[in-house]
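# Architecture and fold: a report
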Amino acid sequence: MSGLKPQSQRASESGSATTLAEVLVSQQVAHDAALPSIVLSKNLLDRRKFLIQAAALALSGGALVTLLEACTAVKPLAPSPEPMPIALSPELTPTVPPPPEAATETANLSPTPTTAPMPAATPPTGLATERARIGHLLRRAGFGATQTELDRFTAMGVSATVDYLLNYEQVDDSALEARLNGLNLDLEKLVDLQRWWLLQMIYSMRPLQEKMTLFWHGLLTSGFSKVGKGPYMYAQNQLLRKLCLSPYDQLLKAIAQDAAMLIWLDSQVNKKAAPNENFARELMELFSMGIGPYTEGDVRQSARAFTGWGLRQKVFNFTPEQHDFGTKIFLGRSGNFDGNDIIDIIMEQPATAEFISRKLFTFFAYDDPAPEVVTKLASTFRNTQYSIKEVMREILISPEFYSAKAYRAKIKSPAELIAGMVHTLEIETDGSGLPAFADRMGQSLFNPFDVSGWPGGAVWINSNTLLQRLNFANRVSTARSRRFQFTPVETVRRLGLSSADEVVTYFVHLLLDSNISVQEHNILVAFGQGLNILGEPLGSQSPSVDEKLRSVVYLILAAPEYQLA
Amino acid sequence: MVITRRQLLKGGISLLPALAFLSAPWRREILFASSALAATPADRTLVVVQQAGGNDGLNTIIPYSDGHYYDLRPNIAIPQEEVLPLNNEVGFHPELVKFKTLWDKGNLAIVEGVGYSLPSLSHFQSMDIWRFADPEVKVRQGWLGRYLETLDGSRGDVFPGLAVGRTLPLELYSPQVSVTIVESLSLYQFQGDSRYPDATQGRTEALSGIYDAAPQDSPYAALFHNTLGATHQSSAALMQADKAYQPGVDYPDSSLAGGLRILAEAITGNLGVRVGHVTIGGWDTHANQKPDHARLLRTLSEALYAFYQDLKAHGKDGDVLIMTWSEFGRRVTSNASDGTDHGTAVPVFFLGTPVKGGFYGQRPDLGSLSSNNLRFTTDFRTVYATVLEGWFKTPPDAILGKQFETLPIFNAGMPV
């Protein structure tokens, strides 16, 4: 590491708000200024601009709210956002008319300026309607959906929507690239990397690709805290994104030679004379088979096969002098194996198919699936040459995925909560300040909790993280600055909503599938009483309409149901 | 004027209007922990200050009479005449004036040469080793998290673990224990619409109603319901402590001092803090070390001095032990950019009224280095065992996995 820079001093002075990782990061910046451009996408981000901007972004927690006000994007919210441009190829367009219930709902919810026949509050229906199933699908296989997306995908139906999500490469995402290009992010800095990825989640037209990337980041993980180099973390993230639905052997072989992973699990110090078992062990325990179906001897033999795999000039390099060319006996097979041979043998193990199928199912559907559910997915995995895409297709159209057991069975991770809220409410932002919110909620992207990613589930919720979730809901619902703006009054006018009941019904439909208890609905309506003058002439409306509208949305975003995916 | 615990309990819930709307199970819990006047082990507090990045111990406690010191790091050595002598061998860095004051009063203990065998020179790994108290990094639970697990939950303490910062310091991590993390007092409140502050209370009440009315049959229903209650409780308790708190000193203007001030509010407010944690970063002084290190040492000593004086003003100094740590010291030989690279053994400070000032452990020998690094003399787990056994009166081997010797750093008169 090189010496202290002024920005790192600032970071350390604001120590209470600065994690050690950030301090270390800022110190790393100077050291690695000469990294080659190979790790950066040519068209996405200009390194020189990053370095020029580097000093401007040391975040102090106390200044966070100010920063959000001051630094967010200048693009005001378009009064009527363009509908999502779906570049569907012909074969993906639904060939059958949408089911009647979906058509009816779509008609009811089309944004029209004059009428708004809102459905009355209904008792909990779970996943009984196509609209609810689409909402569920897009929460799990993406980061929520806007009203426009909900209408469109509901009309398409679940099956065509799953095809759309899986065939993401056919969807034009150039608007996202243009948006990110304009930000001058510094990929050396953890906080800018985090912003970059959160913006991908919020604005990508390929939601499943981003969700898969998040899944892999939690499984084939590496952390900035040890890797220390932003461009390596960026390159790994792009690798996961590129291969997110690829055959799993391809993904494992690529990650085994990924620069960040070579550092994270000590492959680069795995040498013939003194093998380091870190990668070999985690390859089986965390990435493929789970603990159990192998011996310590298998770990040692596998480590020998990966000796000599390292980094040179910031890319993967094989050093024959450090490689053990001897015979290895691994999982009952014998030969002069190298790392790729080891991965091929691992892929053939029944445990691998079961392990990956279970990981995918529990991330996307629910915990503790019945053995037969996993067995069926595992057989698809084996029968399709380890196709992640086909396993995902099977999960996303399975009855289990749409069962009562799956509905609201997962706690949203902080990244899902933040990206989902901003996306669903169509808020314009350049993402400044969002990484700090995620940090406080317990998820520092690119810095997983440990080698096995984030534990997830109930661990996401404690008195501090819940408070931070509620305060983020407050931040979003009261966003009034031109640079971070949420305008519920516009929505209400556009849809012609004229009472507290209509307002509550609309937002509960958008954010919670119209699925809350009658008592909750009544609390919201009672709280929003002041909105019953909405139908009256504008002049008679007090400023409290703005306050009440935002408060109603806050209460929905802060509700326990909204914390669930 | 400091509100005493008795006044608080007399005032009871009426002092806490923010909680009045909570449903009964939440309200029933007593907000403020009982706290005996004398520091029985169950009411003692440890405040941990982490010097993140690796503190240069040799330029902190300076062996000014040892020629090796001036030979091995000529470009960054502190001249003999600037050192604040502690005896005829070593002295403080000149910016440690406030530490010298504490030393002279006998309230500062220095454990020298703290480390472990086969030292890791990686921040990441060495920090994990210190935090998890396991040189093999097989344990994934913090040593203080394991201590917090042993506490009696029935006391209803709101903040047994309180960390100032944004994220959980892993030495406090345990899957069984919820540690409160406070970045700032304002961020630990239910924030409202800044344009309509008067509406916040009603909105927060409606939210509690929603948490009460949400379907209770979903898998996480109880978790959300109970956590919101705990959140109201801890947020209100901290705000209440903040209102009652009158700092006994002027804290310096540094974020470390700001963090210690939050801990002081919670401790003097009797919120039941058993372990407090705050971090000061920036110790990774690879280049142009002298001005940076001087500033860090001044910041550290002034902030801790103010904190200690504040505890004294509130009569809490007998209840609080303050400890510093850093993941490693630095290379004995300086580098060509007037800095030092990652090293090994490092001094640990203990401060407070319970502390018997002086030197502990053994000073590493500058004449017997290992790859230009100090050979450690005191296992860091001896330091932890000292805290667990001597301060918390809990068996250290249950937490550290085996027996370590302890250091006699406490005053003899300390109640047990």
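Residues numbered from 1 in each chain as written. Chains lettered and ligands numbered in written order. Predicted model: local features only at pLDDT ≥ 70, side-chain atom pairs only at ≥ 80, totals over all residues. Heavy atoms only, no water.

### Re the packing of aromatic side chains
The criterion, for reference: Stacked, edge-to-face and tilted are the three classes for Phe, Tyr and Trp ring pairs, Trp counted by its six-membered ring, which pair at centre distances within 6.5 Å; planes under 30 degrees apart are stacked, over 60 edge-to-face, the rest tilted. Cation placement over rings: the criterion is NZ of Lys or CZ of Arg within 6 Å of the ring centroid and within 35° of the ring normal.
Scanning all chains against the criterion turns up 35 aromatic pairs over all chains. Here the aromatic residues F215, W216, Y248, F363, F364, F381 and Y386 of chain A are joined through ring pairs into a cluster of three or more. One Lys or Arg, R179 of chain A, reaches over the ring of Y203 of chain A and ends 3.4 Å from the middle of that ring. Stacked on the ring of W391 of chain B, the Lys or Arg R44 of chain B has its end atom at 4.8 Å from the ring centre.

### What about the environment of E561 of chain A?
We count it as follows: Secondary structure follows DSSP: runs of H or I at least 4 residues long count as helices, runs of E at least 2 residues long count as strands, and numbering of each begins at the N terminus. Note on contacts: a residue pair qualifies if any of its non-hydrogen atoms lie within 4.5 Å across the two residues.
Its location among the elements puts E561 of chain A in the segment after helix 28 (544-558). When the C-alpha atoms of E561 of chain A and R408 of chain A are compared, they prove to be 7.3 Å apart, with 153 residues separating the residues in sequence. Those residues in contact with E561 of chain A, other than ones at most four positions away along the chain, are R408, L512, I516 and E520 of chain A together with A214 and P215 of chain B.

### Here's the deal with the interface of chain A and chain B
Worth spelling out the cut-off: Simply put, the buried area is the total loss of 1.4 Å probe accessible area from both parts when two parts are fitted together. For this analysis, a salt bridge means a side-chain nitrogen from Lys or Arg found within 4 Å of a carboxyl oxygen belonging to Asp or Glu. Pairs of N or O atoms are called polar contacts if they sit within 3.5 Å, as long as, within protein, a hydrogen donor faces a hydrogen acceptor (for residues adjacent in sequence, only side-chain-to-side-chain pairs). Residue polarity follows a fixed list, in which Ala, Val, Leu, Ile, Met, Phe, Trp, Tyr, Cys and Pro are nonpolar, Asp, Glu, Lys and Arg are charged, and the others, Gly among them, are polar.
Taken together, the contact pairs 62 residues of chain A with 57 residues of chain B. Taken together, both faces of the contact between chain A and chain B bury some 5400 Å²; the carbon and sulfur share is 62%. On the surface where chain A and chain B come into contact, there are three salt bridges. A salt bridge links D193 of chain B to R480 of chain A; its shortest N-O distance comes to 2.8 Å. Counting every contact that joins chain A to chain B gives twelve residue pairs in polar contact (both at pLDDT 80 or more). When residues of the side of chain A that touches chain B are traced back to their parent elements, those giving at least two are helix 1 (6-13), helix 2 (20-31), helix 12 (224-227), helix 23 (434-440), helix 24 (463-477), helix 27 (518-527) and helix 28 of chain A. Element by element, the count of residues in the side of chain A that touches chain B is highest for helix 24 of chain A, at eight residues. When grouped by side-chain class, the residues that make up the side of chain A that touches chain B number 26 nonpolar, 23 polar and 13 charged.

### Some remarks on the confidence of the model for chain B
Defined as follows: Confidence of the predictor in every single residue is expressed as pLDDT, which spans 0 to 100.
Of the residues in chain B, 90% have a pLDDT of 70 or more, and the chain-wide mean is 89. In this model, residues 23-38 of chain B is a region of pLDDT below 50 whose contacts with residues beyond four sequence positions or in other chains number 44 contacts.

### Some words on unusual backbone geometry
Note on backbone geometry: most residues besides glycine have negative phi, and most peptide bonds are trans. Residue and element names in this part refer to chain B. Defined as follows: Exposure is judged per residue with a 1.4 Å probe applied to protein chains only, and the accessible area is read against the type maximum: over 50% gives exposed, under 20% gives buried, and values in between give partly exposed.
Despite not being glycine, A133 shows a phi value in the positive range, around 55°. Within the secondary structure, A133 sits in the loop between helix 5 (123-132) and helix 6 (143-149). Overall, A133 belongs to the buried group, its relative accessible area being 4%. For N270, which is not glycine, the phi torsion reads 55° and is therefore positive. Take N270: it is sitting in the loop between helix 9 (255-268) and strand 8 (275-281). Residue N270 is classed as buried on the basis of its relative accessible area, which comes to 10%.

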